[in-house]
Amino acid sequence: MKYRLGELFSGPGGMALGAYRAAKKIDGIQLEHAWANDFDSDTCKTYMANIPGASPESVYCSDVSALDIPRLSDIDGFAYGFPCNDFSAVGKSKGLDGKFGPLYSYGIDVLNEKNPQWFVAENVSGLSSSTHAHVFGNILQQMREAGRDGYRVTAHKYSFDQYGVPQKRQRVVIVGIREDLGLEFQVPSPSLYKHEDVSAGYALLNPPITEDMKHHTFTRQSQVVVERLKHIKPGENAFNARLPKRLRLNVKGATLSSIYRRLKAENPSYTITGSGGGGTHGYHWSEPRALTNRERARLQTFPDDFFFTGSPGSVRKQIGMAVPARGAEAIFLALFQTLVHDDYPSIAANISPSGKRLLK
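Residues numbered from 1 in each chain as written. Predicted model: local features only at pLDDT ≥ 70, side-chain atom pairs only at ≥ 80, totals over all residues. Heavy atoms only, no water.

Colleague: Outline the pattern of salt bridges, supporting the account with residue identities and numerical values.
Modeller: Within this structure, the stated rule accounts for 16 salt bridges. Across the pair R171 and E122 runs a salt bridge, and its minimum N-O distance is 3.5 Å. In this pair, R171 is assigned in strand β7 (residues 170-178) and E122 in strand β5 (residues 118-124), connecting sequence segments 49 residues apart. The burial state of R171 is the same as that of E122; both residues are buried. (Salt bridge = Lys/Arg side-chain N within 4 Å of Asp/Glu carboxyl O. Helix = DSSP H or I, 4+ residues; strand = E, 2+ residues; numbered from the N terminus. Buried < 20%, exposed > 50% of the residue type's maximum accessible area, 1.4 Å probe, protein only.)

Written out as structure tokens, the structure is:
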């Protein structure tokens, strides 16, 4: 079976890379790039440099509102990690009242216009919080009713460290299969990945990252930052470490655990982000410095030959905003197994059809 893949809000290609990796593991599944869209120029160039078949003719680098969806080529599968800023637990969490919240609707437009056989959508875990449960329930209902036949939809909050990713990154992933196919996606069991070492230390040291690798440039740290980091133990941050008064942050009301937080080598990394100022770049467990972009890419499970386009700041943003390739692969692998009627160990979804989290 050949599936032509279309993608909105593609980012640098984490979702697509995972999908292609998964397709290669299933006999009878062939995945082919149809088109993709993102608004950021560097991100589009990164996608084209790494995803098979992607080209300037098939990657539409524009605001999604300017995209002529009816004129896009037909697709069999659809992926979209719709922007999550307004559903994040960090910040004002404006939901549908924010700039980014309503962008999920463009994915609904694609489902209605192209009627693909299946889709995979990703967003932050805050989308399934009690704050946004009514909104999320409405989004799921629109997905179920989309297209000519409707979709059987399965939503689940994944902790990607349970699926081979060396990072405690929690995201809601929604998988839909068109009703007329008579198939329903089951959440793959974490037991499939329990033997994998997902510690930050293993990810960054096996194999060692060499100086000649792309994106492994060390950023300059001020002497104050170096001193501060020397007082912060692995796993601690600037607010729970015992810092001398001269090294404490004079920030009222801000106690975010990620500020100058150092990794613990024996544990998965905390969530790698693509935005934020000083203190949010991720910090090595033994060296008083920020992580390099190649180290961040490893924690996001991008291969070492994955090349990012743009300035160091742009690359950092692309990496942090991406879907971890290994996490996407685990989900697409289960989806493709469902499509070819292969059984695999599964667990019950932890989000109800109404969008509410189910207690486990």
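Colleague: Any chance you could break down the sheet that holds β7 for me, citing the residues and the numbers?
Modeller: The strand order across the open sheet formed by seven strands is β3-β2-β1-β4-β5-β7-β6, and the pairing between neighbours is mixed. Edge positions in the sheet fall to β3 (59-61) and β6 (151-159), since each has one partner strand and no second. When the angles between neighbouring strand axes are averaged without regard to direction, this sheet yields 15 degrees. Here β6 pairs with β7 via nine bridges, running antiparallel. (Pairing = 2+ DSSP bridges. Axes fitted to C-alpha atoms, helices over the stretch in contact; angles between N-to-C directions.)

Colleague: Which residues make up the layout of surface pockets, and what are the values?
Modeller: The computed volume of the second largest pocket comes to approximately 350 Å³. Looking at the second largest pocket, it is lined by 17 residues, and the ones nearest its centre are G164, P166, A203, R298 and T301. Its residues assigned to classes, the lining of the second largest pocket shows seven nonpolar, four polar and six charged. (1 Å grid on protein atoms, 1.4 Å probe; cavity = no way out; pocket = protein on both sides within 12 Å on 5 of 7 lines; lining within 4 Å. Points joined across faces, edges and corners; volume = space filled by probe spheres on them. Nonpolar A, V, L, I, M, F, W, Y, C, P; charged D, E, K, R; others polar.)

Colleague: Account for unusual backbone geometry, naming residues and giving values.
Modeller: Backbone torsion omega between N206 and P207 reads -10 degrees, so that peptide bond is classified as cis. Locating P207 in the fold gives a position in the loop between α5 (200-205) and α6 (223-231). The phi torsion at F9 lies on the positive side, around 50 degrees, for a residue other than glycine. Structurally, F9 can be placed in the loop between β1 (2-8) and α1 (14-24). Residue classification places F9 among the buried positions, given a relative accessible area of 15%.

Colleague: Tell me about empty space enclosed by the protein, residues and numbers included.
Modeller: Applying the stated rule across the entire model yields one cavity of 30 Å³ or more. As a volume, the largest cavity reaches approximately 30 Å³. Forming the walls of the largest cavity are M15, V120, E122, F160, V173, V323, A328 and I331. Of the residues in the lining of the largest cavity, the class split is seven nonpolar, no polar and one charged.

None of the figures reported here should be taken as evidence of function without further support.
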